[in-house]
Amino acid sequence: MSDCTDIRNRLNLYLDNELQGDERVDFESHLRECNSCKAMANAEQRFLDGVRAVEPLYVASPELKQRVSTALRFQSHNTTNASRPKNTRAVATIAAAAVLLLLLPILIWRARERDPQSLGASSFALMAADTHLRHIRGQLPLEMVSTEPRDVSQWFVNKVSFSVKIPNYQEAPGLEKLYTMEGARLVAYKNDYAAYVAYRMNNQPISLVITSDNVAQTSGGEEIKAKGLLFHYNAIEGLKVLTWSDRGLTYALVSDLEERGQKSCVVCHQDIKEQDFIAPLKPR
Amino acid sequence: MPTPAFNEEALTHIDALFGYAMTLTRDRTEAEDLVQETYVRGARAANQLAAESNLKAWLFVVMRNAWLNQLRRQNNGPRFVGLEDEESFDPAFPSEESTNPQVVYLRKVERTQILLALESLPTQYREVVVLRDIEGLSYQQIASVLDCPAGTVMSRLARAREKLRTLLNAREGRTRLKAV
């Protein structure tokens, strides 16, 4: 038989279901015999019931639930793609046949497709186009809303593994702002986060996606050299996608503006002196 | 690879994870970011989760590690409030004098009073109360989340509850004074 001091020292363990077997039997036997300890146990149980009654402490907002749900779907998609090479290696013969079967409809579609720029788009360009579409459909809400480039740059600090510096508006006196920043969010890409910034120009959406060039390399589509940079232009699902790498970062600019969507470049290069930067991107 | 079943079950714990994230960060925006980070990390590591594992407890471990990593990146160090020497603490039950009026009080106390008292606890106390009394984790599961021995969980929990009682007593005293 345990004494009262021992019982009181182990009361939390008992009430938290951490006492098992003989220890628990012994404990309950004491409570049946000792009114003082029984009263104390009942009092403590009521105290804990009071604390536990506040559950749940907080409720996640519908926006957070949507955000997480989207991130999980994206994660599943990316992980599936990432795991494909391992599976292919393990069952090479079967996989080769399966891949041919899987690719057949795509190859037929590509043969019919008359837009050569859509061929060979990098996964980053495809992700950027998909992100743009999902955002304008309302499936990818912004996580921060601001028209201030400085606020958006600051928001990305400690959220992405690279530095994001969004240029300020370069407004000419007497002229209207050519575009407006709407806000930003994170998007999952290759087991990392990429920075997503949404703009609008003449009420048309423009998306800028940024990641480290360690994570994404540009390739495919039509190659255009301008100002010492190599741009890749792809038309993907009717969208104009420009991708390029510069100083450790890889960018994708998505819009449905005319020609190659080169006007979307003004979100960072509005200055008139930089128009010669944009000019080579126009179709010849 | 995270399966749809994993995603579905994991999402049922989002309120609990958000509550724990609020406990750690005390900031809604940071907490929401931490919840998302937790799910993304959890989905990546889903294949490491043994079939018999408790998903909720495992997600708490993922969340705490993600939070600690964030703090390390910020070079701020964990924002824990220093506690007394936990290992030397004897988790004795509080004296009867301090308990009985408390019990009477707790029958009447409103949810907001308890929430305010919980808010007032130092983070290390608050998280152990949240994990045990709000989320129902066992001592061993809490030990895994906090990466400490189960004995430390026991002593810290006893201290945390004692502190909670003291805070509730103080609040009760103030309420009585106002009523007078």
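Scroll up for the structure.
Worth saying up front: this structure is predicted, and the values here are computed from it rather than measured. (Residues numbered from 1 in each chain as written. Chains lettered and ligands numbered in written order. Predicted model: local features only at pLDDT ≥ 70, side-chain atom pairs only at ≥ 80, totals over all residues. Heavy atoms only, no water.)

## Overview of the packing of aromatic side chains
Then comes step 1: Overall, the coordinates contain 8 aromatic pairs over all chains when judged by the stated rule.
Then comes step 2: Arranged with centres 6.1 Å apart and planes meeting at 80°, the rings of A:Tyr58 and B:Phe18 form a pair that is edge-to-face. You can see A:Tyr58 sitting in the loop between helix H4 (35–52) and helix H5 (62–90) and its partner B:Phe18 sitting in helix H2 (residues 14–25), one on each of two chains.
Then comes step 3: Members of the aromatic cluster, joined through ring pairs, are A:Phe231, A:Trp244 and A:Tyr251.
Then comes step 4: One cation-aromatic arrangement involves B:Arg165 over A:Phe47; the distance from NZ or CZ to the ring centre is 4.4 Å. (Phe/Tyr/Trp six-rings, centres within 6.5 Å; stacked < 30°, edge-to-face > 60°. Helix = DSSP H or I, 4+ residues; strand = E, 2+ residues; numbered from the N terminus. Lys NZ or Arg CZ within 6 Å of the ring centre and 35° of its normal.)

## Side note on the pattern of salt bridges
Then comes step 1: Going through the model one piece at a time under the given rule, you end up with 23 salt bridges over all chains.
Then comes step 2: The partner of A:Asp6 in a salt bridge is A:Arg10, with the nearest N and O atoms 3.0 Å apart.
Then comes step 3: Look at A:Asp6 and you get partly exposed, because its relative accessible area is 29%.
Then comes step 4: Residue B:Asp33 pairs with A:Arg67 through a salt bridge whose shortest N-O separation is 2.6 Å. Taken together, the residues span two chains, with B:Asp33 in helix H3 (residues 28–44) and A:Arg67 in helix H5. By the burial criterion, B:Asp33 is buried, and A:Arg67 matches it.
Then comes step 5: Put simply, A:Arg67, A:Glu143, A:Lys159, A:Arg185, B:Glu32 and B:Asp33 are held in one network by salt bridges that share partners. (Salt bridge = Lys/Arg side-chain N within 4 Å of Asp/Glu carboxyl O. Buried < 20%, exposed > 50% of the residue type's maximum accessible area, 1.4 Å probe, protein only.)

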